[in-house]
Structure formats: structure tokens, C-alpha cells
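Listed below, chain by chain, are the residues.
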Amino acid sequence: MNAPFVVAVEASRLAQERRGIGREVWALLPRLLRQRSNLRLVLLVRRTADIDEIGTRLASLGAPLDRVGFHPRWRLDRCAADLFWYPWNVALPAPRRGVVVATIQDVAPLVLPDPRRRKLLKNFRWRRRYRLTAKRATLIIAISQFTCDELHRVLGVPPSRIRVTPL
């Protein structure tokens, strides 16, 4: 049997997220585990209280829980993984080393900033988060060609570091 391939998934919002990106992540995790018998997932959680809820839901979706572990997100530096996946648009906090894959679902905060004066700081923070993600990610998964083109145009991400995978 092959050595396990460990993917750490930023899952701090997973227990509460039932729509949008969360639905995609809930659908993908069991499928990934069923497709690759040597895959092991480590879910990076913010609260230990979320572990039971996430485990119960994954079990109900048919995920093999013997290959799912949990790790506190704030101890990211001590998480041994072959790859870190960030499904929530930004790769924060990101490990200092290792392969980082970020899925960019929505470029609206980048290309259509809120024009209201009181939202300037919020706009700045989102642009900064996207820039840091573009800089740190080894690979970016874009959900459309438009998203790919905007990441290249606005952030200068080379197309060679982006893969388009429609939902």
C-alpha cells in the first residue's frame, strides 16, 4: 500500500457553513476520500466544539472517518501535511512552508470594491488578503475562466499557477 498523502483543509467555517462554498466543500471531502484510498484529511478547525459536528456530518455523507483527523488551526506550524487546501478564497493563515492550494470562488471583493467611503478599510483588507494568497499559493484553483483572467489582470498571477475547474 502506498504511503498516505495528507491534505490539510482549512475548515474553520465548515461546521457553520451550509450554503455556497460550504456546500461545495461538504460534497467534495467524502468524494475525495472515496476516490483515493491513500488520502488522509486533516481538518484545521478553530473550535474543538466543531469536531463532533463535522465528524457526524461527514459520516452521514459516507466519508471514511478513519482517514479524517482534526488539528487546531492556530497550531498550523505543527501540522504535518503534504498539501494545504484553502477553499474559502484566501489562504490565511498560511503555513510558512509546504504546498498551498487556494480555491478562489469570488473575485468581487477585488474587482468590484464597495464604493462607500466607510468601506475603504474593508476593501483594503480584502485586497490585501487576496494579494497575500496570490503570493503564497503554489497553485490557485479558479472556478471560471473569468476568475482566472481577473486574478491574472488584477493580481498578476501567472496563468501557469491557475487551474480552472468549473463547479
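A short tour of the structure in this document, coming up. The structure displayed is predicted, hence computed values, not measured ones. Within every chain, residues take consecutive numbers counted from 1 along the sequence as written. In view of the model being predicted, local features appear only for residues whose pLDDT reaches at least 70, and side-chain atom pairs are presented and counted only at 80 or more, with totals across whole chains, interfaces and linings using the full set of residues. Only heavy atoms go into the side-chain values, all of them from the structure, while hydrogens and water stay out.

This part covers the nonpolar core. Joining through side-chain atoms within 4.5 Å is the link that ties buried Ala, Val, Leu, Ile, Met, Phe, Trp, Tyr and Cys residues into a set, and such a set is a nonpolar core. Exposure classes here rest on a 1.4 Å probe applied to the protein chains alone. A residue is buried below 20% of its type maximum, exposed above 50%, and partly exposed in between. Grouped together as the largest cluster of nonpolar side chains are 25 residues, with contacts concentrated most on Phe84, Tyr86, Ile140, Leu151, Leu155 and Ile162. The contact rule is simple, with two residues in contact once any of their heavy atoms fall within 4.5 Å. Non-local contacts of Tyr86, meaning those with residues more than four positions away in its chain, are made with Glu10, Leu76, Ala91, Leu92, Pro93, Ala94, Pro95, Val100, Val101, Ala102 and Thr103.

What counts as a salt bridge is simple: a side-chain nitrogen of Lys or Arg found within 4 Å of a carboxyl oxygen of Asp or Glu. Per the counting criterion, the structure on display carries 4 salt bridges. Notably, a salt bridge pairs Glu10 with Arg73, separated by 3.0 Å at the nearest N-O pair. Of the two residues, Glu10 is situated in strand 1 (residues 5–10) and Arg73 in the loop between strand 3 (68–72) and strand 4 (83–86); the sequence distance between them amounts to 63 residues. Exposure remark for Glu10: the relative accessible area of 4% places this residue in the buried category. Here Arg13 makes a salt bridge to Glu17, at a shortest N to O gap of 3.9 Å. We classify Arg13 as partly exposed; its relative accessible area is 37%. Only runs of H or I of at least four residues qualify as helices and only runs of E of at least two qualify as strands under DSSP, and these elements are numbered from the N terminus.

Right, let's talk about the side chain of Asn89 for a bit. Here Asn89 is to be found in the loop between strand 4 and strand 5 (99–104). Look at Asn89 and you get buried, because its relative accessible area is 9%. Apart from the residues lying within four places of it in its own chain, the contact partners of Asn89 are Ile21, Thr103, Ile104, Gln105, Asp106, Tyr130 and Thr133.

Pairing between sheet strands relies on hydrogen bonds along the backbone, with the strands arranged either parallel or antiparallel. Each pair of strands is called paired provided DSSP finds at least two bridges between the two strands. With respect to topology, 7 strands assemble into an open sheet ordered 3-2-1-4-5-6-7, the strand pairing being parallel. Strand pairing shows two members of the sheet lacking a second neighbour, strand 3 and strand 7 (162–164), which therefore form its edges. Here the strands of the sheet are splayed against their neighbours by 25 degrees on average, with no regard to which way each runs. All axes are obtained by fitting lines to C-alpha atoms, using only the stretch in contact for helices, and the reported angles, taken between N-to-C directions, cover 0 to 180 degrees.

Here the term cavity refers to a set of points on a 1 Å grid, laid over the protein atoms alone, in which a 1.4 Å probe fits but cannot get out; the term pocket refers to an open set having protein on both sides within 12 Å along at least five of seven lines, with lining residues being those that place an atom within 4 Å of a point. Grid points are joined across faces, edges and corners, and a volume is the space filled by probe spheres set on the points. Taken as a whole, the largest pocket holds about 360 Å³ of empty space. Around the largest pocket, the lining is made up of 18 residues, and of these Leu28, Leu32, Trp85, Val101 and Ile141 lie nearest the centre. Elements represented by at least two residues in the lining of the largest pocket include exactly strand 1, helix 1 (20–35), strand 2 (39–45), strand 4 and strand 5. Basically, the charged four are Asp, Glu, Lys and Arg, the nonpolar ten are Ala, Val, Leu, Ile, Met, Phe, Trp, Tyr, Cys and Pro, and anything else, Gly included, counts as polar. Looking at side-chain class alone, the lining of the largest pocket contains 14 nonpolar, 2 polar and 2 charged residues.

To continue, consider the packing of aromatic side chains. When we look at a pair of aromatic rings, we describe it by the centre distance and by the angle of the planes. Stacked, tilted and edge-to-face are the three classes applied to pairs of Phe, Tyr and Trp rings, where Trp contributes its six-membered ring and a pair requires centres within 6.5 Å; stacked means planes under 30 degrees apart, edge-to-face means over 60, and tilted covers the rest. Following the criterion strictly, the structure yields 1 aromatic pair and no others. The rule for a charge over a ring is simple: NZ of Lys or CZ of Arg within 6 Å of the ring centre, and within 35 degrees of the ring normal. Note that Arg36 overlies the ring of Phe5, its terminal NZ or CZ placed 5.7 Å from the centroid. Its guanidinium or amino end placed over the ring of Trp126, Arg129 lies 4.8 Å from that ring's centre, counting from NZ or CZ.

What follows deals with the packing of helix 1 against helix 2 (residues 50–60). At a closest axis distance of 10 Å, the pairing of helix 1 and helix 2 adopts a crossing angle of 65 degrees. Of the two possible hands of crossing, helix 1 and helix 2 adopt the one that is right-handed. Counting all contacts with helix 1, which are made through Trp26, Leu29 and Pro30, the residues of helix 2 involved are Ile54, Arg57 and Leu58. The residue inventory of the contact of helix 1 with helix 2, partitioned by class, reads 5 nonpolar, no polar and 1 charged. The sense of a crossing depends on the near helix, which, turned anticlockwise from the far helix by less than a right angle, makes the crossing left-handed and, turned clockwise, makes it right-handed.

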